[in-house]
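# What the coordinates show
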Protein chains: 2
Amino acid sequence: MTVDSVWKNCRLVTLAPGRPGLGLIDKGLVAADGGKIVFAGPAADAPTGLDAGHTVDCAGRWITPGLIDCHTHLVHGGDRAEEFELRLAGASYEELSRRGGGIASTVTATRTASEDQLVAQALPRLDALIAEGVTTIEIKSGYGLDRATESRQLRAARRLARERPIDVHKSFLGAHAMPPEAKGDTSAYIDTVCAMLPPIASEGLIDSVDAFCDNIGFSREETTRVFDTARKLGLPVRLHADQLANLHGAALAAKYGALSADHLERADEAGIAAMKASGTVAVLLPGAFYFIRETQLPPIEAIRRHGVPIAISTDCNPGSSPLTSLLLTMNMGATLFRLTVEECIAGATREAAKALGMWDCKGSLEAGKDCDLAIWDIERPAELVYRIGFNPLRARVWRGT
Amino acid sequence: MTVDSVWKNCRLVTLAPGRPGLGLIDKGLVAADGGKIVFAGPAADAPTGLDAGHTVDCAGRWITPGLIDCHTHLVHGGDRAEEFELRLAGASYEELSRRGGGIASTVTATRTASEDQLVAQALPRLDALIAEGVTTIEIKSGYGLDRATESRQLRAARRLARERPIDVHKSFLGAHAMPPEAKGDTSAYIDTVCAMLPPIASEGLIDSVDAFCDNIGFSREETTRVFDTARKLGLPVRLHADQLANLHGAALAAKYGALSADHLERADEAGIAAMKASGTVAVLLPGAFYFIRETQLPPIEAIRRHGVPIAISTDCNPGSSPLTSLLLTMNMGATLFRLTVEECIAGATREAAKALGMWDCKGSLEAGKDCDLAIWDIERPAELVYRIGFNPLRARVWRGT
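All of the points below concern the structure found in this document. If you're wondering where the values come from, they're calculated on a predicted model, not measured in any experiment.

## Comments concerning the environment of Gln296 of chain B
All names here are of chain B. Turning to its location among the elements, Gln296 is positioned in the loop between α10 (286-291) and α11 (300-305). Of the residues examined, Gln296 reaches a relative accessible area of 36% and is grouped as partly exposed. Residues in contact with Gln296, not counting those within four places in the same chain, are Glu265, Arg266 and Phe289.

Laid out in structure tokens, this is it:
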């Protein structure tokens, strides 16, 4: 059997559903051809007569699937470092507002940035994630809040996938916040959002539709209108649900068969049960929990009890999680949320792939999947979660190279 | 005036005492000769006729002093990733103890490691810090708990300063924990520690003497005996003080004119006042606070009110802070302790230099000091504190090169 590449002498974290736990294999081998895995398993079970154009001796190193960051606002204009500094120095909310702080400042900076500028500003953040072995990322719009800027954000996200070896899932988040020109009329703004959706979707810029359903975001009814529009267009949905208040967003997301419901700090048991029934992934975001000094933990025991898959993600955004390390996110998942090592690693691979509707091609080391690999200088997989601010990535492979 | 090097077109975070706040300079210039800064200030004030062998155009980038990590246990054998994994999976303290977990496992791994192995294991951690612009580091012994291993740890620390361009301050921490062979007789073990001190000091391996004064460490009386021995040898002291219980360690450290008292979560006002009087620096360790899920904040308002200098550090160690990012430590200082941006940056430069007794040669951009620089791709200094898991270091200079 002739293949493009073989990685031999490796230990594997396969995440293959047929294997227990993380699907560990001690003496493993991966073979890839045409960018796809053709074999991943015990070297002893490999096809006989493997003839590879390129063979890598991994010297016993661990290989995981390439990491997947499934909830980010990576593309945005400016930053909020000045606001951060002023708040720590004791500035009041009113003072910050007067200076145009908060999400409004990011909307302004995003609206005034060109597509090239948005790409240039996002690249260092993307490169930080890539340096840790991230091979797939979700990127949301939501700082434009008008048709031109929302689509420019998504075009910038698409451009990033051309600038770097990475897959990008693009989520439309027009219903993220209120634009200043809407003057507080949320219902009218949701009409605008629903009207943006068909033309932006027709540009091929939308892989899923997201909304922020919360007491400082949009109501259940408004979210429903966005989801109904998405459904008409045949687009899957996801939801920022029950972060700051329980608006029963988890149940609403489940009702629409959402790929994921994200944050969930204040979700209730009924919502979690509904997510299980609909196959909706719980995306937990410990970086935002950390940065905003949240004290209400997500209902992790209920999520586990119902068997809802748990993904974790950076939530990279300038206001509540200026975080560009998925490894650190894994440590935060363990330290702050008491997730197990297995949950943290699966949450940044297998379950994150499900949250993006990409489980058919990503998230595990199995024949038929894209050959996205992260190769690590570690002695045991737990080190990926245990260390804080340390990157043991040895090499990264995206679609076979 | 002929000099080795000039950095021009830069913005400076000088930390110079004569300037307010962080001592910012908008259009700055640094000149160095023989590894020392000969000028750092506004370009307009630079000596006329500067003739540099090497000129760097910084294109407006910010320069800070090289960062200083003033409290680490960087040199140790093994890691505690397995214990971390087991604990998250629900293993009890007894189960972990049966498996030889806790600090005892690190003592065993350190005792069985050669000096070469200790150096090899520490280098990736050191390189992670160096990659963020750290140019001076403190490294403690304290996982040997016998004379041979304590001195081997310190020799490994000294070796690191030869392997990499960095200054290493070596602290003797024989009074860190109880070795198993001491069978709980703390008083007898402190005799052993005091007996180790003169021979290890005579090898030139001790820059300061540390102890762990706490209810799971050593008593005030035992700490006093260690400090008295240090005093006889003319060695400065520092102290792990009042982290888990208030043993009035801060006041004890102050009584001995300690360079620093570290942790301080449970220090009282009288201890803080004593530190001010003795010029003892408060070293805060938010990584350990985060990792052990501490809820008691250090008495930051009292520390501020008394004008005690605040340094921050990674506390890099395998048991309670497996952290190798001083930038992340700065973010944790702001996020978890509500330190200001100015306190976080000064805490990893100026105040950290004072905590190591190196303020005469480190910690600010001033003529006469070592030319240790960190050059950053940022728009404002606050970005160093605001971002999480992001490293904007552009270049690093140690002693002029």
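## Some remarks on unusual backbone geometry
Residues and elements named next belong to chain B. Despite not being glycine, Asp315 shows a phi value in the positive range, around 60°. With relative accessibility at 2%, the residue Asp315 sits in the buried group. Not every positive phi belongs to a glycine, and Arg338 is a case in point at roughly 60°. Counting through the fold element by element, Arg338 comes out in the loop between α12 (326-337) and α13 (341-347). Note on Arg338: relative accessible area 29%, which makes it partly exposed.

## Notes on helix α9 (residues 269-278) of chain B
All names here are of chain B. Among the residues of α9, those classed as buried are Gly271, Ile272 and Met275. All buried residues of α9 fall inside an arc of 100° around its axis, so they share one side. For α9, the exposed residues set more than 90 degrees away from the buried face come down to Ala270 and Ala277. Lining the buried residues of α9 we find α8 (249-255), β11 (260-263), β12 (281-284) and α11. Gly279, located one to two residues past α9, shows a positive phi value of around 75°.

## Some details on the relation of the copies chain B and chain A
Of the two same-sequence chains, chain B is brought onto chain A (RMSD 0.0 Å, axial shift 0.0 Å) by a rotation of 180°. This pairing of chains is accounted for by a two-fold axis. Residue Gly389 of chain B, judged by its C-alpha, is the member of chain B lying nearest the rotation axis, at 3.3 Å. Here 100% of the contact residues of chain B are again contact residues in chain A; the copies associate through an equivalent surface.

## A look at the sheet that holds strand β7 (residues 134-140) of chain B
Residues and elements named next belong to chain B. An order of β6-β7-β8-β9-β10-β11-β12-β13 is seen for the 8 strands of this open sheet, with the pairing classed as parallel. The open sheet has two edge strands, β6 (67-69) and β13 (310-312), and neither has a second partner. Direction aside, neighbouring strands of the sheet carry axes that sit 25° apart on average. Relative to β7, β6 runs parallel, the two being bridged by 3 bridges. Note on β7: the bridge partner recorded for Asp69 is Ile137.

## Quick word on the side chain of Ser208 of chain B
Residue and element names in this part refer to chain B. Along the polypeptide, Ser208 turns up in strand β9 (residues 208-213). Engagement of the side chain of Ser208 in a polar contact is seen with the side chain of Arg238, the distance being 3.0 Å. With sequence-adjacent residues up to four places away left out, Ser208 is seen in contact with His169, Lys170, Ser171, Phe172, Pro236, Arg238 and Leu259.

## Some details on the interface of chain B and chain A
Taken residue by residue, the interface counts 39 residues in chain B and 39 residues in chain A. Around 3,800 Å² of area is buried between chain B and chain A when both sides are counted, 63% of it from carbon and sulfur atoms. Linking chain B with chain A are 4 salt bridges, by the criterion used here. In this structure, Asp79 of chain A engages Arg387 of chain B in a salt bridge whose closest nitrogen and oxygen atoms are separated by 3.7 Å. Elements supplying a minimum of two residues to the side of chain B that touches chain A: α1 (81-88), α4 (115-130), α10, α12 and α15 (383-386) of chain B. Classifying every residue of the side of chain B that touches chain A by side-chain character gives 22 nonpolar, 6 polar and 11 charged.

## Digging into the pattern of salt bridges
According to the stated counting rule, one finds 68 salt bridges over all chains in the structure shown. Among the salt bridges present, the one from Asp167 of chain A reaches Lys362 of chain A, with a minimum N-O distance of 2.5 Å. Of this pair, Asp167 of chain A sits in strand β8 (residues 167-175) while Lys362 of chain A sits in the loop between α14 (350-355) and β14 (373-376), placing them 195 residues apart in sequence. We note that Asp167 of chain A, like Lys362 of chain A, is buried. Arg159 of chain B is the partner of Glu163 of chain B in a salt bridge, and the nearest nitrogen-oxygen pair spans 3.5 Å. Taken together, the positions of Glu163 of chain B and Arg159 of chain B, both in helix α5 (residues 147-163) and 4 residues apart, correspond to about one turn of that helix.

How each quantity is defined
Residues numbered from 1 in each chain as written. Chains lettered and ligands numbered in written order. Predicted model: local features only at pLDDT ≥ 70, side-chain atom pairs only at ≥ 80, totals over all residues. Heavy atoms only, no water. Helix = DSSP H or I, 4+ residues; strand = E, 2+ residues; numbered from the N terminus. Buried < 20%, exposed > 50% of the residue type's maximum accessible area, 1.4 Å probe, protein only. Contact = heavy atoms within 4.5 Å. Arc of directions from axis to C-beta. Least-squares fit on C-alpha atoms with pLDDT ≥ 70 in both. Pairing = 2+ DSSP bridges. Axes fitted to C-alpha atoms, helices over the stretch in contact; angles between N-to-C directions. Polar contact = N/O pair within 3.5 Å; in protein donor to acceptor, adjacent residues only side chain to side chain. Buried area = accessible area lost by both parts, 1.4 Å probe. Salt bridge = Lys/Arg side-chain N within 4 Å of Asp/Glu carboxyl O. Nonpolar A, V, L, I, M, F, W, Y, C, P; charged D, E, K, R; others polar.

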